[in-house]
Amino acid sequence: MNIVLSTAFVLCWSSGFIGAKLGAGSAAAVTILMWRFLPPAITLAVIAGVRRATWHHLGRRDLARQVVIGVLSQSGYLFTVYYAIQLGVSSGTTALIDGVQPLVAGALAGPLLHQYVSRVQWLGLCLGLGGVVVVTLADAAVGAKVAWWAYLIPFLGMLSLVAATFLESRSRVRVAPAMSLTVHCATSGAVFTALAVSAGAAKPPLEPSFWAAITWLVLLSTFGGYGLYWLILNRSGTTQVNTLMFLMAPVTAVWGALMFGEPFGAQTALGLAIGLTAVVVVRRGATSSTKAQVRQAGE
């Protein structure tokens, strides 16, 4: 089941970069994001109203924490991704920059969460970074002319998602993924609606391509990507869920090649293989460290 969930998560999360490119030519970033989150926010709010009894244990402080997590993990993270793509940064490059996240999260997991990161896991994290670099160099070789500062924007989004991950991990109250997704979508829907209305960009275009992109983003990226992110985070922990982020860039590169004809050569394929190897190494490292802790406890 973990393999199935991990595979589904990688595909759904990568779909967000593709969906952003699908809608980039038809509307502004805030317009796309507003209509991406309004439908799921309304749908989830209705479901939450029907299942009102499941919310009684979520206090105001926990609810406020989930609102902040939603602002960081969705509003802040996604706005930077969409804005960077609209400035000309390719979907593959944006995913590559976000691929640095596992190293940042891994470096902070020990001091902030008191989670043990083994040497084998560190080896896997560094190996994953190597895969990201390989694909980055391949992408840069055919990159278009883009302002240098545009490449810094996805870094801000990556840091925003890391902050959300740690804020969730430090919470003493475990919130069900369905509940957290409801709060996050409602928060992002409110944030992006306010931004779109203030910018005079709330009216959606009539092009079918826009609504095709919105449908893609709502079903695959929002419900699939974010729902699975918090589910795997609760089940497997910060290090393992963030290791899967190494696969986003190569998978996005493959997807972009198939859908948009973006170049995909031997160097990109090598980066994908390295990323897959990194995930295997980190998972084995987690299993080995768990067995070692069990042996120590028995002694």
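Heads up: the structure comes first, above all this text.
Please read these numbers as outputs of a predicted model, since none were measured by experiment.

With respect to the element layout, Ser-14 can be found in helix α1 (residues 2-24). Exposure remark for Ser-14: the relative accessible area of 0% places this residue in the buried category. Here the side chain of Ser-14 touches Val-10 through a polar contact of 2.7 Å, landing on its backbone oxygen. Leave out the neighbours within four places in its chain, and Ser-14 touches Met-248, Val-251, Thr-252 and Trp-255.

Our focus in this paragraph is the environment of Ala-257. Within the element layout of this structure, Ala-257 appears in helix α11 (residues 248-260). Judged by its relative accessible area of 22%, Ala-257 falls in the partly exposed class. For the pair Ala-257 and Gly-92, spaced 165 residues apart in sequence, the C-alpha separation works out to 9.7 Å. In this structure, Ala-257 is in contact with Glu-262 and Phe-264, ignoring residues within four places of it in sequence.

In this structure, Phe-9, Trp-13, Tyr-77, Tyr-82 and Tyr-229 are the most contacted members of the largest nonpolar core, which totals 58 residues. In this view, Trp-13 contacts Tyr-77, Leu-161, Gly-225, Tyr-226, Tyr-229, Met-245 and Met-248; residues no more than four positions away in its chain are not counted. Counting residues in hydrophobic clusters, the runner-up holds 5 residues, among them Ala-84, Val-89, Val-146 and Ile-153.

For the structure shown, the criterion picks out 11 aromatic pairs. Measuring from centroid to centroid gives 4.9 Å for Trp-13 and Tyr-226, while their planes differ by 55 degrees, and the two rings are tilted. Here Trp-13, found in helix α1, pairs with Tyr-226, found in helix α9 (residues 208-236); they are 213 residues apart in sequence, far enough to count as distant. Neither residue differs from the other here; Trp-13 and Tyr-226 are each classed as buried. Taking the centre distance of 5.5 Å and the plane angle of 55 degrees together, the rings of Trp-216 and Trp-255 count as tilted. Taken as a pair, Trp-216 in helix α9 and Trp-255 in helix α11 lie far apart in primary sequence, 39 residues in all. Comparing Trp-216 with Trp-255 shows no difference in burial state: the two are buried. Aromatic rings pair up to connect Phe-9, Trp-13, Tyr-77, Tyr-226, Tyr-229 and Trp-230 into one cluster.

When two helices pack together, their arrangement is captured by the angle between the axes and the distance separating the axes. Between α1 and helix α3 (residues 60-86), whose axes approach to 10 Å, the crossing angle comes to 45 degrees. By the angle between their axes, α1 is oblique relative to α3. Along this stretch, α1 crosses α3, giving a crossing that reads as right-handed. Two secondary-structure elements touch here, α1 through Trp-13, Gly-16, Phe-17, Ala-20, Lys-21 and Ala-24 and α3 through Tyr-77, Val-81, Tyr-82, Ile-85 and Gln-86. The residue makeup of the contact of α1 with α3, split by class, is 8 nonpolar, 2 polar and 1 charged.

This brings us to a nonpolar patch on the surface. Taken together, the side chains of Phe-79, Tyr-83, Leu-87, Trp-148, Trp-149, Leu-152 and Phe-155 make up a nonpolar region of the molecular surface, amounting to roughly 690 Å² of accessible area. With respect to the secondary-structure elements, Tyr-83 resides in helix α3. Overall, the relative accessible area of 35% leaves Tyr-83 in the partly exposed class.

In this model, α3 (27 residues) spans 37 Å end to end at C-alpha, consistent with the 39 Å of a helix rising 1.5 Å per residue. Of all the bends in α3, the greatest, near 30 degrees, is centred on Val-71. Where α3 terminates, the next one or two residues include Gly-88, which has phi positive at roughly 115 degrees.

Let us look at the environment of Arg-174. In this fold, Arg-174 is placed in the loop between α7 (153-169) and α8 (177-198). C-alpha of Arg-174 to C-alpha of Asp-62: the two residues are 112 residues apart in sequence and 9.5 Å apart in space. Those residues within four positions of Arg-174 in sequence are excluded, and the remaining contacts are Glu-168, Ser-169 and Asn-234.

As a further point, take empty space enclosed by the protein. In the structure shown here, the tally under the stated rule is 2 cavities of 30 Å³ or more. The computed volume of the largest cavity comes to approximately 90 Å³. Forming the boundary of the largest cavity are Cys-12, Trp-13, Gly-16, Phe-17, Arg-36, Tyr-77, Leu-78, Val-81, Tyr-82, Ser-221, Gly-225 and Tyr-226. Secondary-structure elements contributing two or more residues to the lining of the largest cavity are α1, α3 and α9.

Attention shifts here to the side chain of Ser-188. Residue placement: Ser-188 occurs in helix α8. The buried category is assigned to Ser-188, whose relative accessible area is 0%. In this structure the side chain of Ser-188 is engaged in a polar contact, spanning 3.2 Å, whose partner is the side chain of Ser-75. Apart from residues no more than four positions distant in its own chain, Ser-188 is found in contact with Phe-37, Gly-70, Gln-74 and Ser-75.

What counts, and at which threshold
- Residues numbered from 1 in each chain as written.
- Predicted model: local features only at pLDDT ≥ 70, side-chain atom pairs only at ≥ 80, totals over all residues.
- Heavy atoms only, no water.
- Helix = DSSP H or I, 4+ residues; strand = E, 2+ residues; numbered from the N terminus.
- Buried < 20%, exposed > 50% of the residue type's maximum accessible area, 1.4 Å probe, protein only.
- Polar contact = N/O pair within 3.5 Å; in protein donor to acceptor, adjacent residues only side chain to side chain.
- Contact = heavy atoms within 4.5 Å.
- Core = buried A, V, L, I, M, F, W, Y, C linked by side-chain atoms within 4.5 Å.
- Phe/Tyr/Trp six-rings, centres within 6.5 Å; stacked < 30°, edge-to-face > 60°.
- Axes fitted to C-alpha atoms, helices over the stretch in contact; angles between N-to-C directions.
- Parallel < 35°, antiparallel > 145°, perpendicular 65-115°, else oblique.
- Left-handed = near helix turned anticlockwise from the far one by under 90°.
- Nonpolar A, V, L, I, M, F, W, Y, C, P; charged D, E, K, R; others polar.
- Patch = residues over 30% accessible without salt bridge, like charges linked within 9 Å, V, L, I, M, F, W, Y side chains within 5 Å.
- Areas by Shrake-Rupley, 256 points an atom, 1.4 Å probe, with all protein chains shown as cover.
- Salt bridge = Lys/Arg side-chain N within 4 Å of Asp/Glu carboxyl O.
- Expected span 1.5 Å × (residues − 1).
- Bend = angle between axes of the 7 residues up to and from the residue.
- 1 Å grid on protein atoms, 1.4 Å probe; cavity = no way out; pocket = protein on both sides within 12 Å on 5 of 7 lines; lining within 4 Å.
- Points joined across faces, edges and corners; volume = space filled by probe spheres on them.

As far as function goes, none of this settles anything; it's purely spatial.
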